[in-house]
Amino acid sequence: MIRRFFIIAFWVLTFNSFAYAQTIPEVDLNAYHEISSHDLLGFAAELSSEKYGGRLSGSPGYEMSARWVAERLQEWGLKPGVGDTSYFQWFPNAWTDVLETGSVRLLPVKGSDQKERVLKFPEDFFPGSNSASGKVEGEVVYVGFGISAPELGYDDYAGMDVKGKILLMETGVPYTANDPDLKRWEPYSYHRYKFQRAKDLGAAGLLYVGLVANPNTSFIEGFLNAHISEEVADELVRPVVNRPFADLKREIVKDMKPGSFYLNRKAEITARTKHYPDAMSCNVIGYIEGTDPELKKEVIIIGAHLDGQGSPGALFPSTLDNASGVADLLGAAKALASSEVKPARSVMFLFFGGEECGLYGSTKYVNEPQWPKEKTLFMMNLDMVGNGKGFFMSGGLSFPNYYRPFEMANNKYLHREMRTSELRPSFGRPRTDGAVFEKGGYSVLSLWTTQSVKPVYYHHPLDNIDALTPEIMEDAAKLLYLGIMGAANDRN
Ligand SMILES: [Zn+2]
């Protein structure tokens, strides 16, 4: 016998509003209690394993992981969400296989007492995820943000000769406020723009500051690059400028004036990669059909990106980012599919490919939706949901009716700190799948965990299964299960 729980009394007490009292959400608590951290960690461990190679979108490892997810959806009875016949929504996705760790060496210039320094992976450098193959050597030049924006009166390359040189460059743009003016800097915020600009000016290579693997760059024949730590950048500039590396960026941002200079130091980058320009990748989509003849035409979309950072130099298991979100979706999908209480509306589970490469999968879906947009209540995106003690669900103040079932579920069952906010417009480039949906005109809620209890290794080989806290994973999946059920059966 299944236990059914009516939470009408709670609803009335909490909100003291007759409008809400009309709704009687009901859940199957057996299915709820079957959501276990054991299963969720199992899903995350599977996806983090060596055989999927860090799930770089476009790669065979990613496709294997996508097939594994689709098999689970099929096993649990979710319907294929692409044209009702397939779980896969395909799109072009070039990718680069990093075959060796490669190397970065800092070399002395002639006549100096500088020492050669061989950088170590992963402490000092990461190979470029889209570097060309080969070996380049040249003098190092600091070029700030690497931006030439004549209409903004800003040029990091003004008066600099970078032909045959190795550039030392910051990520981002000098404009830091999130206001309408940021929009003007957006075209310059893309790594791809910076790479192309550097190549066009004849630079031999690039040392990009910030120790994160980043597939969201471009492969340009003959252009080598690597990521270096801030500490290494500091070592490089200190003898010349006599102040910390971090000051340079601060000064540029403060005065909005470039601060480029020659370092009087040489560097060498080697890399061995293979580029696959014509590869394809996919989203995985499955759904549970609603039971109400009318309401089932409406859908709630729960999304998370399945792809990771691949294996640039070592396996990047990409576990917190974002096997955690995928595992939570799978846990909720399994529970909903087995629940005796059925959702009146339909519920779609959408696993994105290509997020790390530049939000390809969510862009594909928004351009080719598999459910009418006007019949989509909202999209909830999960990214990095698995380390911490609390929840943040952004967008709740903008879409209170969609947020409420999740808030109620948390208050009633989970008792985690859960905060929310308005949907804040971003004036820069979109950085999450949720932002792509928001720009596409969807109502978007985004969920992540707060109050980290373990160190966060962002885009790092140590983002592995040990980076997760099982209890919050379980509660996130339970929050999804209860909240989706509430929203799918809300008849107000
Ligand atoms: Zn992510």
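Because the structure is predicted, anything quoted here is derived from the model rather than measured.

So, how was this worked out
Residues numbered from 1 in each chain as written. Predicted model: local features only at pLDDT ≥ 70, side-chain atom pairs only at ≥ 80, totals over all residues. Heavy atoms only, no water. Helix = DSSP H or I, 4+ residues; strand = E, 2+ residues; numbered from the N terminus. Rg over C-alpha atoms; globule rule 2.2 N^0.38 Å. Contact = heavy atoms within 4.5 Å. Areas by Shrake-Rupley, 256 points an atom, 1.4 Å probe, with all protein chains shown as cover. Lys, Arg positive; Asp, Glu negative; His and termini not counted. Charge placed at Lys NZ, Arg CZ, Asp CG, Glu CD. Buried < 20%, exposed > 50% of the residue type's maximum accessible area, 1.4 Å probe, protein only. Pairing = 2+ DSSP bridges. Arc of directions from axis to C-beta. Core = buried A, V, L, I, M, F, W, Y, C linked by side-chain atoms within 4.5 Å. Phe/Tyr/Trp six-rings, centres within 6.5 Å; stacked < 30°, edge-to-face > 60°. Lys NZ or Arg CZ within 6 Å of the ring centre and 35° of its normal. Domains from an automatic or database assignment. Buried area = accessible area lost by both parts, 1.4 Å probe. Salt bridge = Lys/Arg side-chain N within 4 Å of Asp/Glu carboxyl O. Donors = N, O, S within 2.8 Å, 3.2 Å for Na, K, Ca; no water. Tetrahedral: all angles 85-135°; square planar, octahedral: opposite > 155°, others 65-115°. Polar contact = N/O pair within 3.5 Å; in protein donor to acceptor, adjacent residues only side chain to side chain.

> Can you help me understand the overall build of the chain in this one?
Scanning the chain from N- to C-terminus turns up 14 helices and 23 strands. Compactness check: the chain gives a C-alpha radius of gyration of 24 Å against a globular reference of 23 Å for 492 residues, within 12% of the reference. Taking the principal axes of its C-alpha atoms as reference, the chain extends roughly 85 × 45 × 40 Å. Partitioning the contacts of the chain with sequence separation of at least 6, the portion at a separation of at least 24 is 81%. Of the roughly 19800 Å² of accessible surface on the chain, a fraction of 52% belongs to carbon and sulfur atoms. For the chain, the distance from the average position of its 51 positive side-chain charges to the average position of its 61 negative side-chain charges is 2 Å.

> What am I meant to see in the pairing of strand β23 (residues 444-450) here?
Looking down a regular strand, the side chains alternate between one sheet face and the other. For β23, the buried fraction is high: six of the seven residues fall into the buried class. Across four bridges, the pairing between strand β20 (residues 376-382) and β23 is parallel. Pairing of Leu382 across the sheet is with Leu447, part of β23.

> Help me out: how do you make sense of helix α8 (residues 245-255) in this one?
For an α-helix the count is 3.6 residues per turn, leaving residues at separations of three or four pointing the same way. Within α8 the residues assigned to the buried category are Phe245, Leu248 and Ile252. Buried residues of α8, viewed axially, fall in a sector of 45 degrees; they line one side. Residues of α8 that are exposed and point more than 90 degrees away from the buried face comprise Arg250 and Lys254. Looking at the buried residues of α8, the elements they touch are β9 (134-142), β11 (154-155), β12 (166-169), β13 (205-209), α7 (230-241) and β15 (261-271). Downstream of α8 by one or two residues, Met256 has phi in the positive range, about 55 degrees.

> How should I be thinking about the nonpolar core in this particular structure?
One broad rule of soluble globular proteins: the nonpolar side chains tend to lie buried together. Residues Val69, Val284, Ile302, Phe349 and Phe351 are the most contacted members of the largest nonpolar core, which totals 68 residues. Take this core: its biggest share by element is twelve residues, from helix α14 (residues 470-488). Not counting residues within four places of it along the chain, the set of residues in contact with Val69 comprises Leu47, Val284, Leu306, Val326, Leu330 and Phe351. By size, the runner-up hydrophobic cluster in this structure holds 40 residues, among which are Leu106, Leu152, Ile166 and Val237.

> Mind showing me how you'd approach the packing of aromatic side chains here?
The full count for this structure, using the stated rule, is 23 aromatic pairs. Cation over ring: Arg67 sits above Phe88, and NZ or CZ is 4.9 Å from the ring centre. For the cation-ring pair, Lys478 lies above Tyr32, with the distance from its terminal atom to the ring centre recorded as 4.9 Å.

> Please clarify how the domain arrangement of the chain should be interpreted in this entry.
How large an interface is tends to be reported as the accessible area lost when its parts come together. On domain assignment, one finds that the chain holds domain 1 (4-93 + 279-488) and domain 2 (97-275). Centre-to-centre, using C-alpha coordinates, domain 1 lies 36 Å away from domain 2. Between domain 1 and domain 2, the residue contacts involve 23 residues of the former and 22 residues of the latter. Counting the surface lost from both domain 1 and domain 2, the interface buries some 1700 Å², and carbon and sulfur atoms represent 59% of this. Sorting the residues of domain 1 by area buried against domain 2 places Pro312, Phe427 and Arg429 first, and these three jointly supply 40% of that buried surface. Between the two partners, domain 1 and domain 2, sit zero salt bridges.

> Got a minute to help me understand the coordination of the zinc ion in this structure?
Each pair of donors in an ideal four-coordinate tetrahedral metal site encloses 109.5 degrees, whereas pairs in an ideal six-coordinate octahedral site enclose 90 or 180 degrees. Distances from the zinc ion to its protein donors, namely His305 (NE2), Asp321 (OD), Asp383 (OD) and Asp383 (OD), fall within the range 1.9 to 2.7 Å. Around the zinc ion, the four donor atoms are arranged such that angles at the metal cover 51 to 144 degrees; this shape is classified as irregular. Read from N- to C-terminus, the donor residues coordinating the zinc ion fall into the pattern H-x15-D-x61-D. Within this pair, whereas His305 is found in strand β18 (residues 299-305), its partner Asp383 is found in the loop between β20 and β21 (390-394), the two being separated by 78 residues in sequence. Looking at His305, the relative accessible area reads 1%, which means it is buried.

> Explain unusual backbone geometry to me, please; I cannot follow it from the model alone.
For residues besides glycine, phi is generally negative; the peptide bonds are generally trans as well. The peptide bond linking Phe121 to Pro122 adopts the cis configuration, its omega dihedral lying at 0 degrees. By secondary structure assignment, the location of Pro122 is in the loop between β7 (117-118) and β8 (125-127). Look at the link from Asp321 to Asn322: it is a cis peptide, with omega at 10 degrees. Looking at the element boundaries, Asn322 is found in helix α9 (residues 319-338). A positive phi angle is found at Arg55, which is not glycine, with a value near 50 degrees. Inspection of the secondary structure assignment puts Arg55 in the loop between α4 (37-48) and α5 (60-75). What makes Arg55 buried here is its relative accessible area of 0%. Here Met256, not a glycine, exhibits a phi torsion of approximately 55 degrees, which is positive. Within the secondary structure layout, Met256 lies in the loop between α8 and β15. Classification of Met256 by relative accessible area gives partly exposed; the value is 29%.

> What should I look at first to understand helix α11 (residues 360-367) in this one?
Among all positions in α11, only Gly361, Ser362, Lys364, Tyr365 and Val366 are buried. Against the buried residues of α11 lie β4 (88-92), β17 (280-288), β18, β19 (346-352) and α13 (433-439).

> Could you clarify how one ought to interpret the environment of Tyr62 in this entry?
The residue Tyr62 is located in helix α5 in this model. Residue Tyr62 is classed as buried on the basis of its relative accessible area, which comes to 1%. Through-space distance from the C-alpha of Tyr62 to that of Ala323 is 12 Å; in sequence the pair is 261 residues apart. Non-local contacts of Tyr62, meaning those with residues more than four positions away in its chain, are made with Tyr52, Arg55, Leu56, Ser57, Ser281, Cys282, Leu306, Asp307, Phe352 and Gly353. At 2.7 Å, the side chain of Tyr62 forms a polar contact with the backbone oxygen of Cys282.

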